[in-house]
Amino acid sequence: SQQGEEDPQALSIQEGENATMNCSYKTSINNLQWYRQNSGRGLVHLILIRSNEREKHSGRLRVTLDTSKKSSSLLITASRAADTASYFCATDWPSGSRLTFGEGTQLTVNP
Amino acid sequence: EAGVAQSPRYKIIEKRQSVAFWCNPISGHATLYWYQQILGQGPKLLIQFQNNGVVDDSQLPKDRFSAERLKGVDSTLKIQPAKLEDSAVYLCASSLDKYVETQYFGPGTRLLVL
């Protein structure tokens, strides 16, 4: 079964709004990553957060990690139509050299 | 810097036929991965190479799938014979080393098995 599960499965918002996606996982991890996938650019790494970090920022992205709840969230602020894509969380499970992806959240940003 | 290259981009075959995909990783990247992504799901690792050796092939259906990375650079993934359920996007990725966290993905090969 998948290690990570994203919620919601699909999200539709208006341009300028914030989008929040959540990821839950089952076992201890060293780090958690978020990737974006759209038809134009394939799968692209967005941000990595380590198990000893609680929050990380990159541009309009904010990622939080709660290891006690085994969950992470990705916040995209001031969304743009170009943010329309599928977003996946990935954990280094079952070993530090393997990534296990969740099912993804499909984000649609309407202009 | 050139990204991960894959070919072909699209392939349509009939069941029981064979098919091969090619991947050229980013120059200098020691680790190469092949993923299978079925429509509506996240990528699933099939096989991981470190240089020309296999690190992890626990999720590779070895009765029909095979992969090699001769000379530790390019890699090919083969399916023989293909089944309907093999219809998916096959993604190749590379990273500097097996414990370097960021993976760089190619555009993928979309396979349709009829």
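Quick look at the structure, then. These figures come from a predicted structure and were not determined experimentally. (Residues numbered from 1 in each chain as written. Chains lettered and ligands numbered in written order. Predicted model: local features only at pLDDT ≥ 70, side-chain atom pairs only at ≥ 80, totals over all residues. Heavy atoms only, no water.)

1. Overview of the overall build of chain A
So, point 1. The helix and strand inventory of chain A stands at zero helices and 11 strands.
So, point 2. Reading the helices (α) and strands (β) of chain A from amino to carboxyl end gives β-β-β-β-β-β-β-β-β-β-β.
So, point 3. Taking 13 Å as the expected radius of gyration for a compact globule of 111 residues, we find that chain A reaches 13 Å, a close match to that expectation.
So, point 4. Structurally, chain A occupies a C-alpha span of about 40 × 25 × 20 Å along its principal axes.
So, point 5. Here chain A holds 111 residues, and 45% of them are scored as buried.
So, point 6. Considering only contacts in chain A between residues 6 or more positions apart, those separated by 24 or more positions represent 53%. (Helix = DSSP H or I, 4+ residues; strand = E, 2+ residues; numbered from the N terminus. Rg over C-alpha atoms; globule rule 2.2 N^0.38 Å. Buried < 20%, exposed > 50% of the residue type's maximum accessible area, 1.4 Å probe, protein only. Contact = heavy atoms within 4.5 Å.)

2. A few points about the pairing of strand 6 (residues 55-58) of chain A
All names here are of chain A.
So, point 1. Alignment of strand 6 against strand 7 (residues 61-66), held across four bridges, turns out to be antiparallel. Considered in strand 7, the bridge of His57 is made with Arg62.
So, point 2. Between strand 6 and strand 7, which follow one another and run antiparallel, lie two residues, and Gly59 among them has a positive phi close to 60°. (Pairing = 2+ DSSP bridges.)

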